[in-house]
Amino acid sequence: MQPLIDNARMFGQRPEEFAELAEGQSPQVLFITCSDSRVVPALITGARPGELFELRTAGNIVPPYACAHPTSEAATIEYAVEVLGVSDIVVCGHSHCGAVGALVRGDDLDAVPAVRDWLAQADPRPTGAAEDPEVAEGVQAHVLTQLLRLRSYPFIEKKLKERQLTLHAWYYEVHKGAVRAHSAETDAFEAL
């Protein structure tokens, strides 16, 4: 913890670099990814403060849209699209994902009921080679399912029809530091 504290102290020594951030934010991209500590959106994209609006969830799950009982995830997505006016949404899964791996393997998650119940929202459950530590096939299929889930949000469907929003599916290879993007033409994840 001490190195993090030391960096936080030094970080605050450059207020002139951050003064304009007090005027508001206008990110162009909502970046939805896993809570995994190895996935750092600003590091992957080179984004500066104010350039990405981030949503991090276990397994980068986008929950079903329900206005009667909204989730914080749905509220974040709605705010990004309707208030901030992002033009792009990236759903980024990653190799070696514990959440997707647990789903692919059918792990018993009864000891962690909140995790179990959250991951149950990944419907349909991703499939793939259970013995693959990267769970590449499962993660990539799961990312595409989350894009379909996003399309079911009424305000996203509207923005897509109006061509004011673009959705992107990414797969980050933790062990390589490489990003692959889904190509609709080839239906494959290809190097950026």
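Everything discussed here concerns the structure shown above.
An account of the accompanying structure is given in this report. Small disclaimer: the values here were computed from a predicted structure and weren't measured. (Residues numbered from 1 in each chain as written. Predicted model: local features only at pLDDT ≥ 70, side-chain atom pairs only at ≥ 80, totals over all residues. Heavy atoms only, no water.)

## A look at the side chain of Asn60
- Of note, Asn60 is situated in the loop between strand S2 (52–57) and helix H3 (72–83).
- In this view, Asn60 contacts Ile32, Thr33, Cys34, Val91, Cys92, Gly93, His142, Val143 and Gln146; residues no more than four positions away in its chain are not counted. (Helix = DSSP H or I, 4+ residues; strand = E, 2+ residues; numbered from the N terminus. Contact = heavy atoms within 4.5 Å.)

## Quick notes on the sheet that holds strand S5 (residues 178–183)
- Pairing is mixed across the open sheet formed by six strands, whose spatial order is S2-S1-S3-S4-S5-S6. Unpaired on one side and paired on the other, S2 and strand S6 (188–191) mark the two borders of the sheet. Adjacent strand axes in the sheet meet at a mean angle of 30°, parallel and antiparallel pairs treated alike.
- Two strands pair when backbone bridges link them, and strand S3 (residues 88–94) and strand S4 (residues 166–173) are joined in this way by seven bridges, in the parallel orientation. Residue His94 lies in a different strand from S4, and its bridge partner there is Tyr172. (Pairing = 2+ DSSP bridges. Axes fitted to C-alpha atoms, helices over the stretch in contact; angles between N-to-C directions.)

## A closer look at the packing of aromatic side chains
- Under the definition given, this model contains six aromatic pairs.
- Where Phe31 meets Trp170, the ring centres are 5.8 Å apart and the plane angle is 80°; that geometry is what we call edge-to-face. Here Phe31 is found in strand S1 (residues 29–34), whereas its partner Trp170 is found in strand S4, with 139 residues between them in sequence. For the pair formed by Phe31 and Trp170, the shared burial category is buried.
- Taken together, Tyr65, Tyr153 and Phe155 form an aromatic cluster joined through their ring pairs. (Phe/Tyr/Trp six-rings, centres within 6.5 Å; stacked < 30°, edge-to-face > 60°. Buried < 20%, exposed > 50% of the residue type's maximum accessible area, 1.4 Å probe, protein only.)

## Let's talk about the pairing of S5
- In S5, alternate side chains face the same way, and those of Val179, Ala181 and Ser183 are buried while those of Ala178, Arg180 and His182 on the opposite face are not.
- Inspection of the sheet shows S4 paired to S5 by four bridges, in the antiparallel sense. Bridge pairing links Glu173 to Ala178 in S5.
- In textbook terms, the turn of a hairpin is the stretch between consecutive antiparallel strands, and for S4 and S5 this stretch comprises four residues, one of which, Gly177, has a positive phi near 75°.
- Examined bridge by bridge, S5 and S6 share four bridges and lie antiparallel to one another. Bridged to Ala181 within S6 is Glu190.
- Where S5 hands over to S6, the hairpin turn is made up of four residues, of which Asp187 adopts a positive phi near 55°.

## Here's the deal with a nonpolar patch on the surface
- A cluster of nonpolar side chains, Met1, Leu4 and Ile5, forms an exposed patch at the surface whose accessible area comes to about 340 Å².
- On the secondary structure map, Leu4 appears in helix H1 (residues 2–11).
- Judged by relative accessible area, which is 60%, Leu4 ranks as exposed. (Patch = residues over 30% accessible without salt bridge, like charges linked within 9 Å, V, L, I, M, F, W, Y side chains within 5 Å. Areas by Shrake-Rupley, 256 points an atom, 1.4 Å probe, with all protein chains shown as cover. Salt bridge = Lys/Arg side-chain N within 4 Å of Asp/Glu carboxyl O.)

## Examining the layout of surface pockets
- Approximately 350 Å³ is the volume found for the largest pocket.
- Around the largest pocket sit 14 residues that line it, and Arg151, Thr166, Leu167, His168 and Ala184 are the ones nearest its centre.
- Element by element, the count of residues in the lining of the largest pocket is highest for S4, at five residues.
- When grouped by side-chain class, the residues that make up the lining of the largest pocket number nine nonpolar, three polar and two charged. (1 Å grid on protein atoms, 1.4 Å probe; cavity = no way out; pocket = protein on both sides within 12 Å on 5 of 7 lines; lining within 4 Å. Points joined across faces, edges and corners; volume = space filled by probe spheres on them. Nonpolar A, V, L, I, M, F, W, Y, C, P; charged D, E, K, R; others polar.)

## Things to note about the packing of H3 against helix H7 (residues 154–161)
- Across the interface, H3 lies against H7 with an axial gap of 10 Å and an inter-helix angle of 30°. Between H3 and H7, the angle is such that the two are roughly parallel. The crossing of H3 and H7 is left-handed. Of the residues in H7, those touching H3 at Ala74, Ile77, Glu78, Val81 and Glu82 are Phe155, Ile156 and Lys159. (Parallel < 35°, antiparallel > 145°, perpendicular 65-115°, else oblique. Left-handed = near helix turned anticlockwise from the far one by under 90°.)

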